[in-house]
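If you want the building blocks of each chain, they are given just below.
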Amino acid sequence: MMKSNHILLAAGGTGGHIVPALALCAGLKKNGFTCEILTDRRGRILLEKIAPDQKAHEISAASPFFGNKIQRLLSLFKLVFGVIQSLFHIIKFRPFCVIGFGGYPSAPPLIAARICQIPSLLHEQNAKIGRANLFLANFAKKMLLSWKNSNPLPQKTPVIFSGLPVRNIFFEFADYEDKSEFSTENPCHLLIAGGSLGAEVFAKLIPTAISNLPQDLQKSLTITQQVRPEQKSKLEATYSAMEIRHFCSSFFIKMPDEMAKADVIISRAGAASVAEIAAIGRAAIFIPFPASLDDHQTCNAKCLADENAAILISQKEAETDPSILTKHLSSLILNPHKCKQIAAKARSLAHEGALNEIISAVLSCRKPSIRGAK
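Residues numbered from 1 in each chain as written. Predicted model: local features only at pLDDT ≥ 70, side-chain atom pairs only at ≥ 80, totals over all residues. Heavy atoms only, no water.

Peer 1: Can you explain a nonpolar patch on the surface? Please cite residues and give values.
Peer 2: A contiguous nonpolar surface patch, about 410 Å² in accessible area, is contributed by Leu 73, Leu 74, Leu 76 and Phe 77. Within the secondary structure layout, Phe 77 lies in helix α3 (residues 69-93). (Patch = residues over 30% accessible without salt bridge, like charges linked within 9 Å, V, L, I, M, F, W, Y side chains within 5 Å. Areas by Shrake-Rupley, 256 points an atom, 1.4 Å probe, with all protein chains shown as cover. Salt bridge = Lys/Arg side-chain N within 4 Å of Asp/Glu carboxyl O. Helix = DSSP H or I, 4+ residues; strand = E, 2+ residues; numbered from the N terminus.)

Right, here's the structure in full:
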């Protein structure tokens, strides 16, 4: 018999999958549910760092779509073994629902749930629905979407726009305060964040674009930038030479606080980053990771950019012609009211009720005869 307050979550090993799963775990626990997570080795290591108290199990998983024939065959064996492992955890934990958050580690638990005739849900973080989730939608009762313009949609599985769950703290900050002008005395706070690969690229792109600004605009900036450790000293020397106030670090413990202090954010366009920037309501320039699968980061950024709630620049554009980024930065620094307009529009597109929408979908998976957490 399945336990009415046990829920099993499955997620790929990257932060884009793990972080929304953790946000849901926190919300479910407050409602009296007990949650466990199935993920791959990368996900387990990440969870040990950011949520050591969350119970998680490592399962076997791999993509059957990449590599040569031998590698694909090996991946299929890993997935089959992952299904066996997932069956073991379902039998032991006895959840009434399984929720997948994308990535190939979501596949074995959802297949195992189908074998055990347990209802499952699938949450898609990106505006471009990935191949893995399109396949997994065949095993799910419903697919939950983070963005209204998500595509391509599964043909047979019902879809619900739930939004992407982000931590409440992002919604708790006050609306962006309009500023009359930016100057040396009242600087424009520029936050640059982008993960390890983004930090590496931004350490080269951003200083070049800023160096093309007039000197008075350079001196009206205060820069906070995420940077790889090996690039930190060189980047600091570059900003010091331009006499720009700066703080560079490889990791920010309180990223929401850094975002709240910012007037402009330059960021990659992972689903969580886009949702968090919308939730906190700040003007953003998105430079998507060009190698993201199916170019999903560009699709994420367009959810805001198409509504005049953000600025979108491709990495190729920024590298080929740095003046494009310079031009956008200049327009924001010279027109603080534009920062306010973009920030307000972005926040209007944030979906604060995402967590409750997903919890409602979870509750719909309980059989009427089962009574438990409410």
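Peer 1: Could you give an account of helix α11 (residues 271-280), naming the residues involved and the relevant values?
Peer 2: With 9 of 10 residues buried, α11 lies mostly within the body of the structure. In this structure, the buried side of α11 is in contact with α6 (169-172), α10 (255-261), β11 (264-267), β12 (283-286), α12 (296-305) and α15 (336-349). Positive phi appears at Gly 281, one or two residues downstream of α11, with a value of about 70°. (Buried < 20%, exposed > 50% of the residue type's maximum accessible area, 1.4 Å probe, protein only. Contact = heavy atoms within 4.5 Å.)

Peer 1: Outline the packing of α3 against helix α4 (residues 107-115), listing residues and values.
Peer 2: Their axes nearest at 8 Å, the elements α3 and α4 cross at an angle of 60°. As far as their axial angle goes, α4 and α3 are oblique. When the axes of α3 and α4 are compared, the crossing they make is right-handed. Note on element contacts: α4 touches α3 through Ala 107, Pro 108, Pro 109, Ile 111, Ala 112, Ala 113 and Ile 115, opposite Leu 79, Gly 82, Val 83, Ser 86, Leu 87 and Ile 90. Split into classes, the residues belonging to the contact of α3 with α4 amount to 11 nonpolar, 2 polar and no charged. (Axes fitted to C-alpha atoms, helices over the stretch in contact; angles between N-to-C directions. Parallel < 35°, antiparallel > 145°, perpendicular 65-115°, else oblique. Left-handed = near helix turned anticlockwise from the far one by under 90°. Nonpolar A, V, L, I, M, F, W, Y, C, P; charged D, E, K, R; others polar.)

Peer 1: How would you explain unusual backbone geometry if you had to name every residue and give the values?
Peer 2: Asn 151 connects to Pro 152 through a cis peptide bond whose omega is -10°. Of note, Pro 152 is situated in the loop between β6 (142-145) and β7 (159-161). One non-glycine residue, Asp 295, adopts positive backbone phi at about 55°. Of note, Asp 295 is situated in the loop between β12 and α12. Its identity as a non-glycine residue notwithstanding, Asn 308 has a phi of 60°, on the positive side. Inspection of the secondary structure assignment puts Asn 308 in the loop between α12 and β13 (311-312). Assessed through its relative accessible area of 61%, Asn 308 is described here as exposed.

Peer 1: Summarise the packing of helix α1 (residues 15-30) against helix α2 (residues 41-50); cite the residues concerned and give the values.
Peer 2: At a minimum axis distance of 10 Å, the contact between α1 and α2 shows a crossing angle of 50°. Of the possible angle classes, the one that applies to α1 and α2 is oblique. Like other packed secondary-structure pairs, α1 and α2 cross with a definite hand, here right-handed. Together, Gly 15, Ile 18 and Leu 22 of α1 and Gly 43, Leu 46, Leu 47 and Ile 50 of α2 make up the contact between the two elements. Looking at side-chain class alone, the contact of α1 with α2 contains 5 nonpolar, 2 polar and no charged residues.

Peer 1: Break down the sheet that holds strand β10 (residues 245-249) for me, citing the residues and quoting the values.
Peer 2: Spatial strand order, β10-β9-β8-β11-β12-β13: 6 strands in an open sheet with parallel pairing. The strands lining the two open edges of the sheet, one partner per strand, are β10 and β13. Relative to the sheet, α15 contacts β11, β12 and β13, its axis offset from that of β12 by approximately 85°. (Pairing = 2+ DSSP bridges.)

Peer 1: So what's going on with the sheet that holds strand β5 (residues 120-124)? Residues and values would help.
Peer 2: Spatial ordering of the open sheet is given by β3-β2-β1-β4-β5-β6-β7, a layout of 7 strands whose pairing is parallel. Since the sheet does not close on itself, it has two edges, and those belong to β3 (56-58) and β7, each with one partner. Within the sheet, the average angular offset between the axes of one strand and its neighbour, ignoring direction, is 25°. The sheet contact formed by β6 and β7 spans 3 bridges and is parallel. Note on β7: the bridge partner recorded for Met 143 is Val 159. Each of β2 (34-39) and β3 is contacted by α2, which is oriented at about 135° to β2, the strand it contacts most.

Peer 1: Outline the environment of Gly 13, supporting the account with residue identities and numerical values.
Peer 2: The residue Gly 13 is located in the loop between β1 (3-10) and α1 in this model. Separated by 138 residues in the primary sequence, Gly 13 and Asn 151 place their C-alpha atoms 23 Å from one another. Setting aside anything within four residues of it in sequence, one finds Gly 13 in contact with Ile 18, Thr 39, Asp 40, Arg 42, Gly 43, Leu 46 and Pro 105.

Peer 1: Lay out the nonpolar core in plain terms, naming residues and giving numbers.
Peer 2: Ranked by internal contacts, the top residues of the largest apolar core, which has 37 residues, are Leu 190, Ile 210, Leu 221, Tyr 239, Ile 266, Ile 285 and Leu 325. If you list the elements that add at least two residues to this core, you get β8 (188-193), α7 (195-211), β9 (221-226), α9 (232-241), β11, β12, α14 (323-334) and α15. The leading source of residues in this core is α7, at 7 residues. Not counting residues within four places of it along the chain, the set of residues in contact with Leu 221 comprises Pro 187, Cys 188, Leu 190, Ile 210, Leu 213, Ile 244, Arg 245 and Ile 333. Formed by 31 residues, the second largest nonpolar core is a distinct cluster that contains Met 259, Ile 265, Val 274 and Ala 279. (Core = buried A, V, L, I, M, F, W, Y, C linked by side-chain atoms within 4.5 Å.)

Peer 1: Run through the side chain of Ser 292, naming residues and quoting values.
Peer 2: Structurally, Ser 292 is set in the loop between β12 and α12. With a relative accessible area of 8%, Ser 292 lands in the buried category. At 3.2 Å, the side chain of Ser 292 forms a polar contact with the backbone oxygen of Phe 289. (Polar contact = N/O pair within 3.5 Å; in protein donor to acceptor, adjacent residues only side chain to side chain.)

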